[in-house]
Amino acid sequence: MIQWVVYLFAYMAAGMSLKLGDDLLDELNYPSLAWFPLGASGVLFGLLMVQSEWDLVLLTAIVVGVLLSGKVNRREFIIGFAAMGIILVVIGIPEITGILDWLALLIMLFMASVLDEKGNDWTDESVSPRASKFFKYRFTLKVSALLLAIPWPGFFLVAIGLWVFDAGYEAVGWLTQRLSVTAQ
């Protein structure tokens, strides 16, 4: 039981540190402080990726989606990718038991991620408030992850991890927003 708590806490901490680093860059304008949380996020991503083929596929889909969407636009992100890469090289990637299943899952998660990004860009809150909220909080990927746990039951805990990751990410975003409003 304690192992699951630590595991899910790692997902939450990964989301929190990623959002903190991102907000230090974009919202709070303290790029020199962003190195630490982005490095911590990279370490957590790497440690989670080596846990199982399921963690590896989810986090690979997220990393590829973020890279291809152009969201990695500042040099401070390099430390996270370096930390992740070092951990993957030192510890090694987990065994992938079915490469075709793994690739199918990667493609589906990536497509859900892209749909969330595009939907967030395309929706207009005044025209469709529900759709706007759905894409703003990236529910396509989160719901898809839960549904993909039906044919791949080993993916279920990782799907829960994604929801916990996003809860940490959104909590820090909410806190950053409150702090920046209070500081003005």
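Let me sum up the structure you'll find in this document.

What counts and how
- All chains use their own residue numbering, which begins from 1 and follows the written sequence.
- Whole-chain, interface and lining totals are the exception, using all residues; otherwise, since this is a predicted model, local features are given only for residues with pLDDT of at least 70 and side-chain atom pairs are given and counted only at 80 or more.
- Processing note: side-chain calculations cover all non-hydrogen atoms of the structure and skip hydrogens and water entirely.
- Joining through side-chain atoms within 4.5 Å is the link that ties buried Ala, Val, Leu, Ile, Met, Phe, Trp, Tyr and Cys residues into a set, and such a set is a nonpolar core.
- Each residue's exposure class comes from its accessible area (1.4 Å probe, protein chains only) as a fraction of the maximum for that residue type: buried when under 20%, exposed when over 50%, partly exposed otherwise.
- Every helix listed is a DSSP run of H or I at least four residues long, and every strand listed is a run of E at least two residues long, numbered separately from the N terminus.
- Two residues qualify as a contact provided that any one of their heavy atoms is within 4.5 Å of a heavy atom in the partner residue.
- Each patch is assembled from residues with relative accessible area greater than 30% and no salt bridge, linking like charges that lie within 9 Å and nonpolar side chains (Val, Leu, Ile, Met, Phe, Trp, Tyr) that lie within 5 Å.
- In this description, accessible areas are obtained by the Shrake-Rupley approach with a 1.4 Å probe, and a residue is regarded as covered only by the protein chains that are shown.
- Definition used for salt bridges: Asp or Glu carboxyl oxygen within 4 Å of a side-chain nitrogen of Lys or Arg.
- Aromatic pairing here means that ring centres of Phe, Tyr or Trp (its six-membered ring) are within 6.5 Å. Orientation follows from the plane angle: under 30 degrees is stacked, over 60 is edge-to-face, and everything else is tilted.
- Ring-over charges, as used throughout, are those where CZ of Arg or NZ of Lys falls within 6 Å of the ring centre and within 35 degrees of the ring normal.
- N or O atoms closer than or at 3.5 Å make up a polar contact, with two conditions inside protein: a donor-capable atom paired with an acceptor-capable one, and, for residues adjacent in sequence, both atoms drawn from side chains.
- Note on method: axes are straight lines fitted to C-alpha atoms, helices fitted across the in-contact stretch only, with angles between N-to-C directions ranging 0 to 180 degrees.
- Throughout this description, any angle smaller than 35 degrees is read as roughly parallel, any larger than 145 degrees as roughly antiparallel, any in the 65 to 115 degree range as roughly perpendicular, and the remainder as oblique.
- Throughout, a crossing is termed right-handed when the near helix is turned clockwise from the far one, and left-handed when it is turned anticlockwise from it by less than a right angle.
- Nonpolar residues are Ala, Val, Leu, Ile, Met, Phe, Trp, Tyr, Cys and Pro. Charged residues are Asp, Glu, Lys and Arg, and all others, Gly as well, are polar.

Turning our attention to the nonpolar core. Of all hydrophobic cores here, the largest spans 35 residues; its most connected members are Tyr11, Phe45, Leu58, Leu105, Leu109 and Phe155. Looking at this core, the elements with two or more residues in it are helix 1 (2–26), helix 2 (31–49), helix 3 (53–69), helix 4 (78–91), helix 5 (99–122), helix 7 (139–148) and helix 8 (156–183). Excluding anything up to four places from it in sequence, Tyr11 contacts Leu48, Asp55, Leu58, Leu59, Val158, Gly161, Leu162, Val164 and Phe165.

Right, let's talk about a nonpolar patch on the surface for a bit. Together, Val43, Leu47, Ile86, Val89, Val90 and Ile91 line one region of the surface with nonpolar side chains, adding up to about 570 Å² of accessible area. Elements with a minimum of two residues in the nonpolar patch: helix 2 and helix 4. Looking at the nonpolar patch element by element, the count peaks at four residues for helix 4. Its place among the elements puts Val89 in helix 4.

A separate point is the packing of aromatic side chains. Following the criterion strictly, the structure yields seven aromatic pairs and no others. Note on Phe134 and Phe135: the rings are 5.4 Å apart at their centroids and 90° apart in plane angle, and the pair reads as edge-to-face. Ring-pair connections join several aromatic residues into one group, and the members of that group are Phe134, Phe135, Phe139 and Trp163. Directly above the aromatic system of Trp163 lies the positively charged group of Lys142, at a separation of 5.2 Å from the ring centroid.

For the coordinates displayed, the defined rule picks out four salt bridges. Here Arg74 ties to Asp26 by a salt bridge, and the two come within 3.5 Å at their closest N and O atoms. Pair noted here: Arg74 is in the loop between helix 3 and helix 4 and Asp26 is in helix 1, with a separation of 48 residues, a long-range link. The partly exposed category is assigned to Arg74, whose relative accessible area is 28%.

Right, let's get into the environment of Asp116. Following the sequence through the fold, Asp116 ends up in helix 5. On the basis of relative accessibility, which here comes to 2%, the residue Asp116 falls in the buried class. Between the C-alpha atom of Asp116 and that of Lys142, which follows or precedes it by 26 residues, the distance is 9.8 Å. Those residues within four positions of Asp116 in sequence are excluded, and the remaining contacts are Phe135, Arg138, Phe139, Thr140 and Leu141.

Looking at the element boundaries, Lys142 is found in helix 7. Relative accessible area serves as the criterion here: at 5%, Lys142 is assigned to the buried category. There is a polar contact of 2.5 Å between the side chain of Lys142 and the side chain of Asp166. For Lys142, the contacting residues outside a window of four places in its chain are Tyr137, Leu162, Trp163 and Asp166.

With that out of the way, let us pick up the packing of helix 5 against helix 7. For the pair helix 5 and helix 7, the least separation of the axes is 7 Å and the interaxial angle reads 155°. By the criterion of interaxial angle, the relationship of helix 5 to helix 7 is roughly antiparallel. Helix-helix and strand crossings are classified by hand; for helix 5 and helix 7 the assignment is right-handed. Across from Leu105, Met108, Leu109, Ala112, Ser113, Leu115 and Asp116 in helix 5, the residues of helix 7 making contact are Phe139, Thr140, Leu141, Ser144, Ala145 and Leu148. Counted by class, the contact of helix 5 with helix 7 contains nine nonpolar, three polar and one charged residues.

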